[in-house]
Amino acid sequence: MSGGNPAANAPRCRLGVNIDHVATLRNARGGDHPDPVRAAQLALASGADGITAHLREDRRHIRDEDMARLAGLDAPLNFEMAATAEMMNICLNTRPHACCIVPENRSERTTEGGLDVVGQRETLEPMIARLADAGIRVSLFVDPEEAHIHAAAEIGAPVVELHTGEYHEAAQSTTPVRIQAAYDAIEAGARTAHEAGLEVHAGHGLTFHNVQNIAAIPVIRELNIGHFLVGEAVFMGLDGAVREMRRLIDDARTGLLV
Ligand code: PXP
């Protein structure tokens, strides 16, 4: 997984910091502290290239007014959302830099799998076109499976974000075969997407311990990372956590895998 140095000449890998769980903590007490927009500003000052936030249908963490304030920052905002008419309207009014369309299910704890692009192409295709017309770069959050990656390219998505959740789960197990299989799927998915002309992003469940193998895949241009960074901020501060993640990604890109 970490042999050779294939990423040494790769372009820089951007880091998008997902601040949803700062809002989770705020909402636990119902007030306005800690403020996710303040966290976004700190993450940007610490090396994040952009901010990601997911406006869920149930508003369990990020709220409409948070999105509006995040869009006012002088930095790229990646607006994560489900493929619904309500979210389309909010996203078009918010005018973020980018929009990542994800599957959403009320009872899930987090985004548990990728989009069924093959099954939903008729819904997704016009949405991608409308967002693109508004100047918003669209990505589809997909499992690293050929069929969905090819379908994403066919319906005009410029970007796919590969779901790294299975790699995270596998890395917590002690089964090397499962870890290797999960890694191989991401690596092959990244190659397939790149060859199909898509920009490749990845995210979900990335930590200090598993990020480097993913960041070393040269065609991956952006990683979106949230829960671990907000959790680690309890121990080392958000500034320190983002700086360390940035360093690990940059080192993986120059071949300094730990
Ligand atoms: N990318 C997407 C599309 C996501 O839905 C999420 C979770 O909201 C993330 C990245 C970040 O995942 P995590 O919080 O596990 O780092």
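Reading the values: the criteria
- Residues numbered from 1 in each chain as written.
- Predicted model: local features only at pLDDT ≥ 70, side-chain atom pairs only at ≥ 80, totals over all residues.
- Heavy atoms only, no water.
- Phe/Tyr/Trp six-rings, centres within 6.5 Å; stacked < 30°, edge-to-face > 60°.
- Helix = DSSP H or I, 4+ residues; strand = E, 2+ residues; numbered from the N terminus.
- Buried < 20%, exposed > 50% of the residue type's maximum accessible area, 1.4 Å probe, protein only.
- Pairing = 2+ DSSP bridges.
- Axes fitted to C-alpha atoms, helices over the stretch in contact; angles between N-to-C directions.
- Parallel < 35°, antiparallel > 145°, perpendicular 65-115°, else oblique.
- Left-handed = near helix turned anticlockwise from the far one by under 90°.
- Contact = heavy atoms within 4.5 Å.
- Nonpolar A, V, L, I, M, F, W, Y, C, P; charged D, E, K, R; others polar.
- Expected span 1.5 Å × (residues − 1).
- Arc of directions from axis to C-beta.
- Near = heavy atom within 4 Å.
- Polar contact = N/O pair within 3.5 Å; in protein donor to acceptor, adjacent residues only side chain to side chain.

1. Some words on the packing of aromatic side chains
Enumeration according to the criterion identifies two aromatic pairs in this entry. Consider the rings of Y167 and Y183, whose centres lie 6.2 Å apart with planes at 55°: the pair is tilted. Taken as a pair, Y167 in helix α7 (residues 165-172) and Y183 in helix α8 (residues 176-195) lie far apart in primary sequence, 16 residues in all. With a relative accessible area of 3%, Y167 lands in the buried category. Relative to F228, the ring of F208 lies with its centre 4.8 Å away and its plane at 75°, an arrangement referred to as edge-to-face.

2. As for the pairing of strand β5 (residues 137-142)
Where burial is concerned, most of β5 is hidden: six out of the six residues are buried. Side chains R137, S139 and F141 project from β5 onto one buried face, and the interleaved V138, L140 and V142 project onto a second face that is buried too. As defined by bridge partners, strand β4 (residues 98-101) adjoins β5 across four bridges and the pair is classed as parallel. Paired with C100 across the two strands is S139, which belongs to β5. Two strands pair when backbone bridges link them, and β5 and strand β6 (residues 159-163) are joined in this way by four bridges, in the parallel orientation.

3. Regarding the packing of helix α4 (residues 85-94) against helix α5 (residues 121-133)
It is at 10 Å that the axes of α4 and α5 come closest, and there the two elements cross at 15°. The angle between the axes of α4 and α5 places the two elements in the roughly parallel class. Where α4 crosses over α5, the two elements pack in a sense that is right-handed. Where α4 approaches α5, its residues M88, C91 and L92 are matched on the opposing element by M127, R130 and L131. Looking at side-chain class alone, the contact of α4 with α5 contains five nonpolar, no polar and one charged residues.

4. Considering α5
Helix length check: α5 (13 residues) gives 18 Å between terminal C-alpha atoms against 18 Å at 1.5 Å per residue, within 8%. Within α5, burial applies to L124, M127, I128 and L131. In an axial view of α5, the angular spread of the buried residues amounts to 105°, which keeps them on one side of the axis. Residues of α5 that are exposed and angled more than 90 degrees away from the buried face: E122 and D133.

5. Things to note about the site of the ligand
Lining the immediate environment of the ligand, one finds 14 residues, of which E80, E161, G205, G226 and H227 sit closest. E80 is positioned such that a nitrogen or oxygen atom in its side chain is 2.8 Å from an oxygen atom of the ligand. Here an oxygen atom of the ligand sits 2.7 Å away from a polar atom, N or O, in the main chain of G226. Per-class residue counts for the shell around the ligand are four nonpolar, seven polar and three charged.

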